[in-house]
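Descriptive structure summary
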Amino acid sequence: MLEAIYGQLEEAIIEFDADKAKAIARKGVATGLDPVEMINQGIRQALELMGERFSAGNVFLPELMLAAEAADAAVGILEPELLKRGRTREQLGKVLIATVEGDIHDIGKNIVALVMKSAGFEVFDIGIDKKNSEILEAAKKFEVDVIGLSALLTTTIPRMKEFIEILQESGLRDRFKVIVGGAPVTKDFAEKIGADGYGADAPRASEITRRLLGK
Ligand code: B1M
């Protein structure tokens, strides 16, 4: 039953059928499925498959965009369900999240933000293609505890290293914890650049943030 819903969700996204994706997400919620599991087992799977087809030259950018729209539509249905959980939880701390400069991928970042909100964090999502200077300014303005950087391109993950260098140079390294994530980011990379944490997926990003704040 669970596998059937995850499979249907994946199918709807790879068929670019946003209405079907929304209907299945609604069915999942009505059945009591965990929205995070639906994201991990249905939505992410579908987009990974689309990525493989894109690499192989079997689908092109317009199709990738249509799949992303269908995925976004499904996440939109799951969002209220996830936020409901956050409202009943103790507030854990403030997190700023952004996709780094030169990178416009935001589905994963949005899911991380959503899962963190549902866990009880106050999340400031400043969007995509953000310069390191903008990220730092926003972190100071909102007085966050943790800064989360997301990147999906091998060409943009170097911005993460540069961000940590900027923090060090400006004497702010101890003021903020930094976590990084996104498909090309690895635990090893995170350690090498001196990040405080790495999340392979949204639940793990939330869990490591909680630990970093001693919660
Ligand atoms: Co693009 N894209 N894309 N794309 N895209 C990838 C990343 C790619 C791997 C596809 C491929 O070739 N196989 C490839 C990158 C190759 C590389 O760098 N080595 C690629 C490329 C090349 C490009 C363009 C350059 C294509 C072009 O123009 N020729 C272009 C780049 C534009 C730019 O950014 N400047 C481009 C554009 C796009 C679309 C706009 C069409 C669309 C994005 C729409 C959007 O985000 N609103 C898109 C999509 C959809 C993808 C794939 C297919 C799916 C990404 C996704 O949403 N995954 C992707 C293939 C892939 O990833 N396998 C691909 C689902 C999402 C839930 O997972 O984002 O990994 P993910 O997030 C996870 C975890 O990584 C983690 O938690 C999330 C949830 O569990 N996580 C964090 C993410 N951020 C985190 C932060 C954290 C912690 C955890 O802490 C802060």
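To be clear, the structure that these remarks concern was listed above.
Now for a quick tour of the structure. (Residues numbered from 1 in each chain as written. Predicted model: local features only at pLDDT ≥ 70, side-chain atom pairs only at ≥ 80, totals over all residues. Heavy atoms only, no water.)

A few words on the environment of Leu47. Within the fold, Leu47 resides in helix H3 (residues 35-55). Remark: the alpha-carbon pair of Leu47 and Lys192, spanning 145 residues in sequence, is separated by 28 Å. In contact with Leu47, not counting residues within four places along its chain, are Ile13, Ala67, Ala68, Ala71 and Ile107. (Helix = DSSP H or I, 4+ residues; strand = E, 2+ residues; numbered from the N terminus. Contact = heavy atoms within 4.5 Å.)

Attention now moves to the coordination of the cobalt atom of the ligand. Only one protein atom coordinates the cobalt atom of the ligand: His105 (NE2), located 2.2 Å from the metal. Note on placement: His105 falls in the loop between strand E1 (93-100) and helix H5 (107-119). (Donors = N, O, S within 2.8 Å, 3.2 Å for Na, K, Ca; no water.)

What follows concerns the nonpolar core. Membership of the largest hydrophobic core comes to 42 residues, with the highest contact counts inside it found for Leu9, Ile13, Ile43, Ile111, Met116 and Phe121. Listing elements by their share of this core, those giving two or more residues are helix H1 (2-14), helix H2 (18-31), H3, helix H4 (61-87), E1, H5, strand E2 (121-130) and helix H9 (202-212). When sequence neighbours within four positions are dropped, the list of residues in contact with Met116 reads Val95, Phe121, Val123, Ile179, Ala205, Ser206 and Thr209. Membership of the second largest hydrophobic core comes to 27 residues, among which are Val100, Ile126, Leu172 and Val185. (Core = buried A, V, L, I, M, F, W, Y, C linked by side-chain atoms within 4.5 Å. Buried < 20%, exposed > 50% of the residue type's maximum accessible area, 1.4 Å probe, protein only.)

Of note, Thr209 is situated in helix H9. Owing to a relative accessible area of 0%, Thr209 belongs among the buried residues under this scheme.

As a further point, take the sheet that holds E2. In spatial order, the strands read E2-E1-E3-E4-E5; together these five strands make up an open sheet with parallel pairing. Either end of the sheet is taken by a strand with one partner, and the two such strands are E2 and strand E5 (197-199). Put simply, the sheet's adjacent strands are angled 20 degrees from each other on average, direction ignored. Here E1 runs beside E2; their pairing, made up of seven bridges, is parallel. Within E2, the residue paired with Ala98 across the bridge is Gly127. Seen against the sheet, H5 touches E1, E2, strand E3 (146-150) and strand E4 (177-181) and runs at an angle of roughly 170 degrees to E2. (Pairing = 2+ DSSP bridges. Axes fitted to C-alpha atoms, helices over the stretch in contact; angles between N-to-C directions.)

Turning next to the side chain of Ser206. Relative to the assigned elements, Ser206 resides in helix H9. According to the relative accessible area criterion, Ser206 is buried, its value standing at 6%. With residues up to four places along the chain from it excluded, the contact list for Ser206 reads Val115, Met116, Ala119 and Phe121.

Moving on: unusual backbone geometry. Of note in the backbone geometry, Phe16 takes a positive phi value of approximately 60 degrees without being a glycine. Checked against the element boundaries, Phe16 lands in the loop between H1 and H2. We note that Glu143 has phi near 50 degrees; this positive angle belongs to a residue other than glycine. Inspection of the secondary structure assignment puts Glu143 in the loop between helix H6 (132-142) and E3. Assessed through its relative accessible area of 55%, Glu143 is described here as exposed.

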